[in-house]
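Chain by chain, the residues:
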Amino acid sequence: MFDFSFYKGKRVLITGHTGFKGVWLSRLLLTTGAEVTGYALEPSAAPALFDLCALSHEMRSVTGDIRNLDALRNAFAQSRPEIVIHMAAQPIVRRSYQDPVYTYETNVMGTVNLLECVRHTDSVQSVVNVTTDKVYRNREWDWPYRECDELNGYDPYSNSKSCSELVTGCYIHSFLGEKNVAVSTVRAGNVIGGGDFSEDRIIPDCVRAAKAGQEIVVRNPNSIRPYQHVLEALAAYLMIAQRQYENGTYAGCYNVGPDETDCVATGELVSCFCEKWMQYAGKSISWVERSDGGPHEAKLLKLDCARLKRIFGWKPNWHFETALEKTVEWYAEYVRGGDVKGCMGKQISDFCQKG
């Protein structure tokens, strides 16, 4: 687990802070006493977790497109960050098929722009580029992918994130290594948690169906994914950013995912969601399999996190059932019009105390 005291007073810049993961990360960093600047587009989901948590009143929030180098440079100049966590992205596989140009512009050139700003900002000492478990060439084999496996994502989203990794490696070797800026890329598994309202994601789809009193439609119930709570991934990002800030030899490539026993089929995830929804919301819900003939998506994907465990002594805090329980708890609070910001704060406290 990262050290809360380390981040107190540290200047941290987050790209993509208005997104699902970005809001949770901003909230977590504000809890530590960090000086947080966010650079992102206006929230695209409705409702927006960023607005529900009223984060614009607690941090410096800069509205800007990661593709706009001049605007991003200005945000760096104003905030003078010591630590940068890059999460701005077009993150949806299906949308990447619909708009591959935008996906590559955002995920590849956005990373180039970010690293250019790092290169010309002397205050930066530690950078984490968040990519995805989908960067690997997926051979649909049974064993988990390791950091040394081939990068070659299948679809435009996954492939653009593979390219982002290559861009990062180039900047490290060409520019940032000689400036002693520690840079890591982090490949996270599927994250769940309260406040994700995106399209084409399984938990938000479950919540929308539950609110409407409809059956949950599941396209690929046998697809296996490494599900983890969003706090699990974010705590790992902050741990890596801290440790490489203190000692640059920790910089590298890291998988962040659950134990293999927590890699579950989508159908199992949805069945568990239905049970938890009955427990927390008091309403029965069911699901049905219905393929819509959409584009290719991987059927089997697991991560080997042995490197993260060996180097940092890291281990997951919340296993699958707890992660899903916390997720449903938040959404049930939201549906009943309760204190979702308070629920988020309590879950952060519970997670960090367990760690």
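Report on the accompanying structure. These numbers come from a predicted model, not from an experiment. (Residues numbered from 1 in each chain as written. Predicted model: local features only at pLDDT ≥ 70, side-chain atom pairs only at ≥ 80, totals over all residues. Heavy atoms only, no water.)

### Section: the packing of aromatic side chains
Piece 1. Per the stated rule, a full pass over the model turns up 13 aromatic pairs.
Piece 2. Centre to centre, the rings of F6 and Y245 are 5.2 Å apart; their planes meet at 80°, and the pair counts as edge-to-face. Within this pair, whereas F6 is found in helix α1 (residues 4-7), its partner Y245 is found in helix α9 (residues 230-246), the two being separated by 239 residues in sequence. Per residue, the accessibility class of F6 equals that of Y245, and both read buried.
Piece 3. Aromatic side chains Y136 and Y145 sit 5.5 Å apart centroid to centroid with 10° between the ring planes, which places their arrangement in the stacked category. As far as burial versus exposure is concerned, Y136 and Y145 are alike and both buried.
Piece 4. Its end group placed over the ring of F175, R119 keeps NZ or CZ at 4.2 Å from the ring centre.
Piece 5. One Lys or Arg, R243, reaches over the ring of Y250 and ends 4.7 Å from the middle of that ring. (Phe/Tyr/Trp six-rings, centres within 6.5 Å; stacked < 30°, edge-to-face > 60°. Helix = DSSP H or I, 4+ residues; strand = E, 2+ residues; numbered from the N terminus. Buried < 20%, exposed > 50% of the residue type's maximum accessible area, 1.4 Å probe, protein only. Lys NZ or Arg CZ within 6 Å of the ring centre and 35° of its normal.)

### Re the side chain of S126
Piece 1. As for its placement among the helices and strands, S126 is situated in strand β5 (residues 126-130).
Piece 2. The contacts of S126, once residues within four sequence positions are left out, are E82, I83, V84, A182, A241, Q244 and Y245. (Contact = heavy atoms within 4.5 Å.)

### Some details on the sheet that holds strand β6 (residues 182-188)
Piece 1. Taken together, the 7 strands give an open sheet; going across it, the order is β3-β2-β1-β4-β5-β6-β10, and neighbouring strands pair in parallel fashion. Where the open sheet ends on each side, the last strands, each with one partner, are β3 (60-63) and β10 (253-256). Each strand axis lies, on average, 20° off the axis of its neighbour in the sheet, ignoring direction.
Piece 2. Examined bridge by bridge, β5 and β6 share 5 bridges and lie parallel to one another. For V130, the partnering residue across the bridge sits in β6 and is V186.
Piece 3. Across the sheet, α9 touches β4 (83-86), β5, β6 and β10, and the angle it forms with β5 is around 150°. (Pairing = 2+ DSSP bridges. Axes fitted to C-alpha atoms, helices over the stretch in contact; angles between N-to-C directions.)

### A closer look at the environment of V127
Piece 1. Of note, V127 is situated in strand β5.
Piece 2. The class of V127 is buried, set by a relative accessible area of 1%.
Piece 3. The contacts of V127, once residues within four sequence positions are left out, are V84, L114, V118, V181, A182, V183, S184 and Q244.

### Re empty space enclosed by the protein
To find leftover empty space, one rolls a probe the size of a water molecule over the atoms.
Piece 1. Enumeration according to the criterion identifies 2 cavities of 30 Å³ or more in this entry.
Piece 2. What lines the second largest cavity is Y227, Q228, H229, P258, D262, W318, H319, F320 and A323.
Piece 3. Going through the elements one at a time, β9 (224-229) and α12 (320-335) are the ones with two or more residues in the lining of the second largest cavity.
Piece 4. Considering each element in turn, the lining of the second largest cavity owes the most residues, 3 residues, to β9.
Piece 5. Of the residues in the lining of the second largest cavity, the class split is 5 nonpolar, 3 polar and 1 charged. (1 Å grid on protein atoms, 1.4 Å probe; cavity = no way out; pocket = protein on both sides within 12 Å on 5 of 7 lines; lining within 4 Å. Points joined across faces, edges and corners; volume = space filled by probe spheres on them. Nonpolar A, V, L, I, M, F, W, Y, C, P; charged D, E, K, R; others polar.)

### Topic: the state of the cysteines
Piece 1. Evaluated as defined, the whole model comprises 0 disulfides.
Piece 2. C163 supplies the cysteine sulfur nearest to C170, a cysteine that is in no disulfide, at a spacing of 12 Å.
Piece 3. A relative accessible area of 41% means that C170 is categorised as partly exposed.
Piece 4. C305 takes part in no disulfide bond, and the closest cysteine sulfur, belonging to C263, lies 8.3 Å away. (Disulfide = S-S within 2.5 Å.)

### Some words on helix α13 (residues 340-354)
Piece 1. For α13, spanning 15 residues, the distance from its first C-alpha to its last is 21 Å, which sits close to the expected 21 Å at 1.5 Å a residue.
Piece 2. What α13 keeps buried is the set V340, C343, M344, Q347, I348, F351 and C352. In a view along the axis of α13, the buried residues occupy a sector of 160°, so they form one face of it.
Piece 3. At its buried positions, α13 is contacted by α1, α2 (20-32), α3 (49-52), β9, α9 and α12. (Expected span 1.5 Å × (residues − 1). Arc of directions from axis to C-beta.)

### Points about the side chain of Q90
Piece 1. Tracing the backbone shows Q90 in the loop between β4 and α5 (93-98).
Piece 2. Here the side chain of Q90 touches I92 through a polar contact of 2.9 Å, landing on its backbone nitrogen.
Piece 3. A distance of 3.1 Å separates a polar atom in the side chain of Q90 from a polar atom in the side chain of T103.
Piece 4. Setting aside residues up to four positions removed in sequence, Q90 forms contacts with R95, S96, Y102, T103, T106, N107 and Y157. (Polar contact = N/O pair within 3.5 Å; in protein donor to acceptor, adjacent residues only side chain to side chain.)

### Overview of helix α10 (residues 266-281)
Piece 1. The end-to-end C-alpha distance of α10 is 21 Å, a good match for the 22 Å that 16 residues give at a rise of 1.5 Å each.
Piece 2. Inspection of α10 places T266, G267, L269, V270, C272, F273, C274, K276 and W277 among the buried residues, and these make up the whole buried set.
Piece 3. Those residues of α10 hidden inside the fold are in contact with α8 (202-212), β8 (216-218), β9, β11 (263-265), β12 (287-289) and α12.
Piece 4. A positive backbone phi angle near 70° is found at G282, which sits one or two residues after α10.

### Some details on the pattern of salt bridges
Piece 1. A full pass over the atoms with the stated rule returns 22 salt bridges.
Piece 2. The salt bridge involving E58 is made with K341; its shortest N-O contact spans 2.9 Å. One end of the pair, E58, is in the loop between α3 and β3; the other, K341, is in helix α13, and 283 residues separate them in sequence.
Piece 3. The exposure class assigned to E58 is partly exposed, which follows from its relative accessible area of 33%.
Piece 4. A salt bridge links R67 to E105, with the nearest nitrogen and oxygen atoms 2.9 Å apart. Separated by 38 residues along the polypeptide, R67 in the loop between β3 and α4 (69-79) and E105 in helix α6 (residues 100-119) bring together distant segments of the chain.
Piece 5. For R67, a relative accessible area of 34% gives the class partly exposed.
Piece 6. By relative accessible area, E105 is classed as partly exposed at 34%. (Salt bridge = Lys/Arg side-chain N within 4 Å of Asp/Glu carboxyl O.)

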